[in-house]
Each structure stands twice: as structure tokens, then as C-alpha cells.
Amino acid sequence: MAKPKVAICWLGGCGGCDEAVVDINEVILGVASAVDFVLWPVALDFKYHSVEGMKNGEIALSVINGNVRNSEQEEVAKLLREKSQLVLGFGSCACFGGTPGLANLTTKEDIFNWVYRDAPTVVNPDGNYPQISTRVAGKELTLPEFYKHVHALNDIIDVDYYLPGCPPPPHLVMYAVSAVLENKLPPKGSTLAPQRALCDSCKRNNSKPERLAIREIKRIHEVETTPDICFLAQGVICLGIATRDGCGESCLNINIPCRGCFGPVEGVADSGAKFVSALASILDVQSDEDIARVVDQIIDPVGYMYRFSLPASTLRKKQG
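The structure presented is a predicted model; accordingly, all values stated were derived computationally and were not measured.

**Some remarks on unusual backbone geometry**
With an omega of -5°, the peptide bond running from Cys-166 to Pro-167 counts as cis. Positionally, Pro-167 belongs in the loop between strand S9 (161-163) and helix H7 (170-181).

Next comes the structure, spelled out in C-alpha cells:
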């Protein structure tokens, strides 16, 4: 009996999600014996044209990490969608756009000007910028088109399942692999992670007072926080109240507040907006002056609350 074909591909991202696959350690050997890898550029030397030659739907599962920022990434995403029965959006960049999505706060032109002209380490006296097509010695050289915005994967193709995280933790990677191999997948569109908020499983939750009341907001490097006390109770912004559980509390375990890489909880479209709503309900301020003072203590609010999810947010959709 032929093994199911599996593709793993890295689009716009840092490569950490590919490392997360390797982090399942010896389990990867069992996976490799159960499936037939047909594409995994970071580990195996397959070419895109070998995928192009496959029948539509011949690949059982494509695991795609990274967002889409250029035409090559879009082309690969659409190729894998066409050839695959199932597509798993793997990691925060694929699911929500990830930290590179914060580039949507600026323009393509500003990015090019900084990278190729204004950055202090740049030497570019002729003012050359990358071109999609250039003729050199009578030959045409091409580069992918750099898009105006960073896109989450489901902006470009239909995605069947999602596994968030920066990167996804090994136990959820193994759960996802097992669900596919054993055909025990939940309904299409599901996120393969717990449906509750991180706050619900956080060990610090028991330290939370009956009513949280924040009068001052501090950044994590400005204070020495107590490891077993709720960050919000200490006036430090922690996004666990509006973020999906499943990360294994890797940040909390080293006394760093949740940064939101698992995205919104089930039924919530915009985790940043949900956190703003929750934060507003626990601010213990009365006058307009006090409200303005506390809000001003949140440095870079968009960068903090949409660090991993700006391209998939309501804010992004309003931005156009």
C-alpha cells in the first residue's frame, strides 16, 4: 500500500517552524516511515517541478509555515493547495501573518527606502533598487514581486486546519501528525489546539484577586516581577487573557508575560481588540487625565497587542 504523500514548506518566516518539526525528535523517524515526503526544502532536495508534475490532490497533506509577502510565496502556496487534499497552516506567521506582519504598519516604498538607501550601513551611490525584471548580458533576470502587504496564508489559499505558535510546541505537532495519520481530524477550519484561553490553565491564575484593578502599567523590564503572581495583578500587560491556550506556557515559565503567539481563542476573530476590551474593564482610573496617563504608559500598543496577528486582524481589514 502506498504511503500518504506529505509536503512541508516554508514561505515568509524565520525557519523556526521547520525547527519545531525536527523538535519532535525520534518521533520524526516514525513519521518518516509512515509517510512519503515529497517536498521539504529545509531538509530534503526536492524541486518544485516534481510537485508540479503530480496529479491534483495527490499530496495527502501540505504543512505550510510562514506568511505570504511576495509572488513566489503565493505561487508555491497555490501549487501546494492544488496538489493537496489537506493544507495545515503551521505557526503564527501562516495562521495570522506573524511578527513580519507588523510591516503592514508602513509602506512598501518606505521599507525599500530604508533597506536600500537610508539605513546607516547601506552604500548605494547609484540608488539601485531591486527590479522584478532586469536584462544582463542579453539575458532576463527576474525576482519575485514584493507585495504591498504581508498576508496570512488563508488570504491567499483555502486552509483546512491551523496550528498556531511561534513556533508550535512539539506536543501539538505530534497531535496534529497523529490526527492526520489516524484520520481523526476535527471539522475543517478547526485550530488543532485547546479552545480555552491561556489564563484558564496558567498556574498564576490562583493568585489573581477577585477583581483585578490596574492603576499603573509597567513594562516587564522596568520591574522585578514575582514569578507566581499574575502579571496583570502586578501591572504588567500579559495577553494570556485573550490568547488561545496550548503553548505549554513557555514564556510564563521563564517569568515573561504572554505575547499572544497562539492568537485568539475559539469564536474570537481579533485577539488584540479582545484584549483592549478586557484591559479597559480592569483599569482602575476615573478621570480623563488618569485614563490618558495610563494609556500613555502602553508603549507601542499596536505592536504589543497585534505582535503576531496584525495581517489577520480587523485593524488590517480596515486599513485595506
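**A short note on the pattern of salt bridges**
Considering all chains together, one arrives at 14 salt bridges under this definition. Between Lys-188 and Asp-160 there is a salt bridge, with its nearest N and O atoms 3.5 Å apart. With Lys-188 in the loop between H7 and helix H8 (271-282) and Asp-160 in the loop between strand S8 (146-151) and S9, this residue pair connects regions lying 28 residues apart in the sequence. Residue Asp-245 is joined to Arg-196 by a salt bridge in which the shortest nitrogen-to-oxygen separation is 2.7 Å. With a gap of 49 residues between them, Asp-245 in the loop between H7 and H8 and Arg-196 in the loop between H7 and H8 connect regions that are remote in the sequence.

**Points about the environment of Val-76**
In this fold, Val-76 is placed in helix H4 (residues 71-83). What makes Val-76 buried here is its relative accessible area of 6%. As a C-alpha pair, Val-76 and Trp-10 span 66 residues in sequence and 9.6 Å in three-dimensional space. In this view, Val-76 contacts Cys-9, Leu-11 and Tyr-48; residues no more than four positions away in its chain are not counted.

**Examining the packing of aromatic side chains**
If you walk through the whole model with that rule in mind, you get 4 aromatic pairs. Between the aromatic rings of Phe-37 and Trp-40, the centroid separation amounts to 5.3 Å while the plane-to-plane angle is 40°, which identifies the pairing as tilted. The two residues Phe-37 and Trp-40 agree in class, both being buried. Among the aromatic residues, ring-to-ring pairing joins Phe-112, Tyr-116, Tyr-129 and Phe-146 into one connected group.

Definitions and cut-offs
- Each chain has its residues counted from 1, running along the sequence as written.
- Reporting in this predicted model follows two pLDDT cut-offs: at least 70 for local features of residues, and 80 or more for side-chain atom pairs to be given and counted; totals over whole chains, interfaces and linings ignore these cut-offs and use all residues.
- Water and hydrogen atoms were dropped before computing side-chain values, which therefore reflect all heavy atoms in the structure.
- In this description a helix means any DSSP run of H or I spanning at least four residues, a strand means any run of E spanning at least two, and both kinds are numbered starting from the N terminus.
- Think of a salt bridge as a Lys or Arg side-chain nitrogen and an Asp or Glu carboxyl oxygen that are within 4 Å of each other.
- When accessible area is computed with a 1.4 Å probe and restricted to protein chains, residues below 20% of their type maximum are described as buried, those above 50% as exposed, and intermediate ones as partly exposed.
- Residue contacts follow a heavy-atom distance rule, with two residues in contact if any of their heavy atoms lie within 4.5 Å.
- Note on ring pairs: Phe, Tyr and Trp rings are taken, using the six-membered ring of Trp, and paired if centres are within 6.5 Å. Classes follow the plane angle, with under 30 degrees stacked, over 60 edge-to-face and the rest tilted.

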